[in-house]
Amino acid sequence: MFNHNMTFGTLPAFFKNRQLAVMAIFVSFMALIGTIIAFWLSWIVGVLWVLLVVIAMFVFFDTLRRIGRDTEHYIASLSYRINRGEQEAVIQMPVGVLLFNENYEIDWVNPYLQQFLADTNLVNKQLSVANDVLARIIMGWNTEEQQTRLAWLGRQFEVQVQPELHAIYLMDVTETSKVVKAYEDGQLVIGIISLDNYDEVTERMSDSEISALHSYATSAITDWMMAHDIYVRSLAADRFLMIGYREGLRQAENDKFNLLNEIREATSAQNTPLTLSIGISYHEDTIEAIAQGAQTQLDLALGRGGDQVVVKGSQADARFYGGNTNPMAKRTRVRARVISQALTELMTQADNVMVVGHQRADMDSIGAALGVRRLARMVGMDAWVVTNNDVAKMHADMQQLHQELMNEPRDAEALINEEAALNLVTPNTLLVLVDHSKPSITESPALLELLPDRLVIIDHHRRGEEFPENSLLTYIESYASSTSELVTELFEYQPRKAQGLSRIEATTLLAGIQLDTKSFTLRAGTRTFDAASYLRSVGADGNLIQNFMKDTMADYRDKSHLIEMVKMHGDAAIVVAEDDVIYDSVAVAQAADALLQIIGVACSFVIARRDAETVAISARSTGTKSVQIIMEQMGGGGHLSNAATQVKDQTTTEVAETLRELLTASREEVE
């Protein structure tokens, strides 16, 4: 019987090569054609042609056979060498290899990795026994994930996984990591140190006392910095330059810059309380950029009230240390006079003035805005307060204020909406932001976008990272009780002949001060009472302020209901409102204020839904703890004892859990 398998299995090897087989068939076909032609001419020629063809075909097919055999031999040899090379690479190359099974048990460890394990045998053991971190990496491996760094056996490995082969590859990058770390540790760091209140403290000292204080401060700063391998050079009596490397900065950060506490406590014991502010920059392209960054961070630290350190790299978020004390009020009013004169000059050079407060305006915001508008009117400039609030949706105090403004001839047209403002604005319009400096919470983003280089900022909140870049004038004093206080002081340096504050403007400014100081019980300094006294002297109405402070029955019930839900977390009182109920922002803030009256409460947080997408937190403290730092970590900001934030797309319970984690971490850090 004809055996097909045997027949085709004995075909010459070259027939397995398609190109060689085609060539052989073509040559055979040409030989057949030649034979036919030769016999057609003569049988003798045909016989001779057949003999030549047979000889030629024998040589040709023998050659093809040898080529095919040699090719097969070469391929077989190459395959063997490749397989052997792969095996040797797995065994000999400086790459650790682990093979595991479906149960995450180790089946094999290559010799390179075994040398670090010494006599430890991992075969047949769970991956978690070898290394918990490695086991978590494998179990959570994403095929799109890049290599992951792993510290194990005193080495640094880059981990790559092939889940389909159940193979783990550990690339030893220990030496590379050392080089990278040495590079990072050697990055240049520049900082500027400022003695915040040096002039005020030394104002009434004798020369010998000033010399002793300066010597102590210089010695304390130098010793602390040298202990962290940082070089310090005095630039002026109250200014120092620090230069170091990233490793020294890392050590200083690990110590939380306790230099701030050392100097504050030591000088306070001598009744000369001195505080420091430090701005530090690193990882910039040029030395000039690093130096400019250091000055920028120092400005940020001072804008946040001083007594703190701000550290920032080119690609990193700013890190804050300190800032846990109330800023000291400055006894001198020189800056207020300079700001008043500079603001007047900017107003007189403008076509008109637009004053913008923050979203969901309160008495401080609207009072300061009305005050700035009156400053512009006193120098003959057209000015308006821009607000987009719907009167029907305003809180009761703002509704009453709006009605009072409508009844005052001088102020009837003071408020306009954003659309009307955009019709009046020109390239030379002056835009004044009051009671805020964050573009994200401004009442009129469109005006800010149109006039980014025609901007004045007046605020009493601590400055954050989000800040306009090109302001013409910035007046931020975090020691002040309110922005209304800052604006009120500016009137003392205006022409006496000009028509000053109206009754309702003075009343609103005083209400703003009274609201932010909780009726002069918090953050009220001597300058606060001076401002209040001035406002009463120009017609501020105390009875009207009392009416502004009254609540509606619904707001009072909401506030009481929120207070009933309070739970303690250490010395923090936390209220978590229902996630399906929207609360008025004023009721939430009042509830946070009221909770501070409870014995044992150092800070309070009221979490309530502001709208369908937003959950807000109102945070308050007695001044012993900084709620601003907590709120900044959640994307907000404010003042040491008065701060807030808004969180999108989360429930009140989820926001509360995040808050508790931050409070716990903060308490552990302090301990």
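Predicted model only: the values in this text are computed from it and were never measured.

What counts and how
- Counting of residues starts from 1 at the beginning of each chain's written sequence and follows it residue by residue.
- With the structure being a predicted model, the display of local features is reserved for residues of pLDDT at least 70 and the display and counting of side-chain atom pairs for 80 or more, all residues being used for whole-chain, interface and lining totals.
- Side-chain numbers here rest on the full set of heavy atoms in the structure, without hydrogens or water.
- Each helix is a run of DSSP H or I of at least 4 residues and each strand a run of E of at least 2, with the numbering of both proceeding from the N terminus.
- Throughout, the radius of gyration refers to the C-alpha atoms, and the reference size of a globule is 2.2 Å times the residue count to the power 0.38.
- Each residue is placed in one exposure class: buried if its accessible area under a 1.4 Å probe, protein chains only, is under 20% of its type's maximum, exposed if it is over 50%, and partly exposed if it falls in between.
- Should any heavy atoms of two residues lie within 4.5 Å, those residues are counted as being in contact.
- Areas reported here follow the Shrake-Rupley algorithm with a probe of radius 1.4 Å; residue values treat only the protein chains shown as occluding.
- The sign given to each residue is positive for Lys and Arg and negative for Asp and Glu; His and the chain ends receive no count.
- Charge placement uses NZ in Lys and CZ in Arg. For Asp and Glu, CG and CD serve respectively.
- Each residue carries a pLDDT score, the predictor's own confidence in it, on a scale running from 0 to 100.
- Two strands qualify as a pair provided DSSP detects at least 2 bridges between them.
- Here an axis means a line fitted to C-alpha atoms, over the contact stretch when the element is a helix, while the angle between two N-to-C directions is reported on a 0 to 180 degree scale.
- Any N or O atom pair separated by 3.5 Å or less is treated as a polar contact, with the protein-specific requirement of one donor-capable and one acceptor-capable atom, and with residues adjacent in sequence counted only for side-chain atom pairs.
- Any angle that falls under 35 degrees is termed roughly parallel, while one over 145 is termed roughly antiparallel, one within 65 to 115 roughly perpendicular, and all others oblique.
- In a left-handed crossing the near helix is turned counterclockwise from the far helix by less than a right angle, and in a right-handed crossing that turn is clockwise.
- Residues are grouped as follows: Ala, Val, Leu, Ile, Met, Phe, Trp, Tyr, Cys and Pro are nonpolar; Asp, Glu, Lys and Arg are charged; every other residue, Gly included, is polar.
- Centres within 6.5 Å make a pair out of two Phe, Tyr or Trp rings, where for Trp the six-membered ring is used; the pair is then stacked when the planes are under 30 degrees apart, edge-to-face when over 60, and tilted otherwise.
- Criterion for a charge above a ring: Arg CZ or Lys NZ at most 6 Å from the ring centre, at most 35 degrees from the ring normal.

**Student:** Give a description of the overall build of the chain that names residues and reports values.
**Tutor:** When its secondary structure is counted, the chain shows 25 helices and 23 strands. In summary, the chain has a C-alpha radius of gyration of 40 Å against a globular reference of 26 Å for 671 residues, an excess of more than 25%. Judged by the C-alpha coordinates and their principal axes, the chain covers about 140 × 60 × 50 Å. Residues counted as buried form 45% of the 671 residues belonging to the chain. If you take every contact in the chain between residues at least 6 apart in sequence, the share linking residues at least 24 apart comes to 65%. As displayed, the chain offers around 34,100 Å² of accessible surface, 55% of which is attributable to carbon and sulfur atoms. Averaging the locations of the 56 positively and 87 negatively charged side chains of the chain gives two centres separated by 1 Å.

**Student:** How would you explain the confidence of the model for the chain if you had to name every residue and give the values?
**Tutor:** On average, residues of the chain carry a pLDDT of 84, and 90% of them reach 70 or more. Note that residues 1-11 has pLDDT below 50 and, in this model, one contact with residues that lie over four places away or in other chains.

**Student:** Tell me about the sheet that holds strand 12 (residues 353-356), and name the residues and values.
**Tutor:** Across the sheet, six strands lie side by side as 14-13-12-15-16-17; this open sheet has parallel pairing. In the strand order of this sheet, the two ends are held by strand 14 (415-416) and strand 17 (471-476), each with one partner. Helix 18 (residues 483-490) contacts strand 15 (430-434), strand 16 (455-459) and strand 17 of the sheet and is inclined by roughly 115° relative to strand 16.

**Student:** I'd like a description of the side chain of Thr645, backed by residues and values.
**Tutor:** By the secondary structure assignment, Thr645 is in strand 23 (residues 642-648). Take Thr645: its relative accessible area is 4%, and that puts it in the buried class. Looking at Thr645, its side chain comes within polar contact range of the main-chain nitrogen of Gly636, at 3.1 Å. When sequence neighbours within four positions are dropped, the list of residues in contact with Thr645 reads Val615, Ala616, Ile617, Met631, Met634, Gly635 and Gly636.

**Student:** Give me the lowdown on the pairing of strand 8 (residues 239-245), citing residues and values where you can.
**Tutor:** Of the two faces of strand 8, only the one carrying Phe240, Met242 and Gly244 is buried; Arg239, Leu241, Ile243 and Tyr245 on the other face are not. Relative to strand 8, strand 6 (residues 188-195) runs antiparallel, the two being bridged by seven bridges. Looking across to strand 8, one finds that Ser194 is bridged to Arg239. Where strand 7 (residues 231-236) and strand 8 come together, five bridges link them in antiparallel fashion. Across the sheet, residue Ser234 finds its bridge partner in strand 8, namely Phe240. With antiparallel pairing between neighbouring strands as the criterion, strand 7 and strand 8 make up a hairpin whose turn holds two residues.

**Student:** I'd like to hear about the packing of helix 14 (residues 363-378) against helix 15 (residues 396-406), residue by residue, with values.
**Tutor:** Between helix 14 and helix 15, the shortest axis-to-axis distance is 11 Å and the interhelical angle comes to 20°. Classified by the angle between their axes, helix 14 and helix 15 sit roughly parallel to one another. Crossing geometry of helix 14 relative to helix 15 is assigned as right-handed. Along the contact surface, helix 14 presents Met363, Ile366 and Leu370, while helix 15 presents Asp397, Met398, Leu401 and Leu405. Looking at the contact of helix 14 with helix 15 residue by residue, the classes come out as six nonpolar, no polar and one charged.

**Student:** Account for the packing of aromatic side chains, with residues named and values stated.
**Tutor:** For the structure on display, the rule yields six aromatic pairs. Pairwise contacts between aromatic rings join Tyr112, Phe116 and Phe157 into one cluster. For Arg246, the ring lying beneath its charged end belongs to Tyr282, and the centroid distance is 4.4 Å.

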